[in-house]
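Notes for the structure review
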Amino acid sequence: MNRIAAVSLGIFLSGVGVAHFVVPGYFRTLVPRWLARPGLLVATAGVAEIVVGVLVLTPRWRAAGGWAAAALITVYLVSHVDALRSARAERARFLERPVGAAARVVVNVFYICWSIAVAEAAA
């Protein structure tokens, strides 16, 4: 089970990292307006996710990759908490409404827990 969780996490992170380059416009919408250069941030995050995904997929580096994934996803919480702060019920996009923004936070906390579980199992 530990190997399945680790490989799944590595594939997930790598796939999402690639998606940053395939559909960058979507990821730019997740960057808070007060952060400069959203295009650069999206590209940097994409590269980071691919690198961390590869670390998680490599048994020798799996523990470090799991901790790096937890740290990276924790940084993303800034974006999700900002979205929750500015969410409004009348907005058209689900992720910009309170329930959608809250779901983003909950899902990312799950990803952090998943990453920590992989790191601890690999140690």
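Scroll up to find the structure.
Presented here is an overview of the structure given in this document.

About the thresholds
- Every chain is numbered on its own, with residues counted from 1 as its sequence reads.
- At least 70 in pLDDT is required for a residue's local features to be given in this predicted model, at least 80 for side-chain atom pairs to be given and counted, and no such filter applies to totals for whole chains, interfaces and linings, which use all residues.
- For the side-chain quantities, the full set of heavy atoms in the structure was used; hydrogens and water were omitted.
- Within this scheme, the nonpolar core is defined by two criteria: the residues are buried Ala, Val, Leu, Ile, Met, Phe, Trp, Tyr or Cys, and they are joined through side-chain atoms within 4.5 Å.
- With a 1.4 Å probe rolled over the protein chains alone, any residue whose accessible area is under 20% of its type maximum counts as buried; one over 50% counts as exposed, and the rest are partly exposed.
- Only DSSP runs of H or I covering at least 4 residues are called helices, and only runs of E covering at least 2 are called strands; the numbering of each starts at the N terminus.
- Between two residues, a contact is recorded if the distance between any of their heavy atoms is within 4.5 Å.
- Every definition here rests on a 1 Å grid over the protein atoms only: cavities are sets of points where a 1.4 Å probe fits but cannot get out, pockets are open sets enclosed by protein on both sides within 12 Å along at least five of seven lines, and lining residues have some atom within 4 Å of a point.
- Grid points are joined across faces, edges and corners, and a volume is the space filled by probe spheres set on the points.
- Polarity classes work like this: nonpolar for Ala, Val, Leu, Ile, Met, Phe, Trp, Tyr, Cys and Pro, charged for Asp, Glu, Lys and Arg, and polar for all others, with Gly in that last group.
- Where helices are involved, their axes are fitted lines through C-alpha atoms of the stretch in contact, as for all axes, and angles between N-to-C directions lie from 0 to 180°.
- With respect to orientation, any angle under 35 degrees is reported as roughly parallel, any angle over 145 as roughly antiparallel, any angle of 65 to 115 as roughly perpendicular, and every other angle as oblique.
- In this scheme the handedness of a crossing depends on how the near helix is turned from the far one: anticlockwise by less than a right angle means left-handed, clockwise means right-handed.

Here we look at the nonpolar core
Note on soluble globular proteins: their nonpolar side chains tend to be buried together. Counting 16 residues, the largest nonpolar core has Leu9, Leu13, Val52, Val56, Ile112 and Val118 as its most contacted members. Looking at this core, the elements with two or more residues in it are α1 (2–22), α3 (38–57), α4 (62–86) and α5 (98–122). Of the residues forming this core, the biggest block, six residues, is contributed by α4. The residues touching Val52, leaving out its near neighbours within four places in the chain, are Leu13, Gly65, Ala68, Ala69 and Leu72.

Quick word on the layout of surface pockets
Approximately 750 Å³ is the volume found for the largest pocket. Around the largest pocket, the lining comprises 29 residues; the ones closest to its centre are His20, Leu30, Glu49, Tyr76 and His80. At the level of elements, α1, α2 (24–28), α3, α4 and α5 are the ones that each hand at least two residues to the lining of the largest pocket. Take the lining of the largest pocket: its biggest share by element is seven residues, from α4. Each residue belonging to the lining of the largest pocket can be placed in one class, and the counts come to 22 nonpolar, five polar and two charged. The volume enclosed by the second largest pocket comes to roughly 380 Å³. Lining the second largest pocket are 18 residues, and of these Thr29, Arg33, Asp82, Ser86 and Glu96 lie nearest its centre. If one sorts the elements of the lining of the second largest pocket by residue count, α4 sits on top with five residues. Tallied by class, the residues present in the lining of the second largest pocket amount to seven nonpolar, three polar and eight charged.

Regarding the environment of Ala103
Summarising the element assignment, Ala103 is placed in helix α5. The spacing of Ala103 and Gly17 is 86 residues in sequence and 21 Å in space, taken between C-alpha atoms.

Some remarks on the packing of α1 against α5
The packing of two helices is summarised by the inter-axis angle and the distance between the axes. As a packed pair, α1 and α5 sit with axes 10 Å apart at the nearest point and diverge in direction by 130°. As far as their axial angle goes, α5 and α1 are oblique. Handedness of the crossing formed by α1 with α5: left-handed. Note on element contacts: α5 touches α1 through Tyr111, Trp114, Ser115, Val118 and Ala121, opposite Asn2, Ala5, Ala6, Ser8, Leu9 and Phe12. Class assignment of the residues belonging to the contact of α1 with α5 gives a composition of eight nonpolar, three polar and no charged.

Remarks on the environment of His80
Inspection of the secondary structure puts His80 in helix α4. Under the relative-accessibility criterion, His80 is labelled buried at 9%. Spatially, the C-alpha atom of His80 lies 5.7 Å from that of Val105, the residues being 25 residues apart in sequence.

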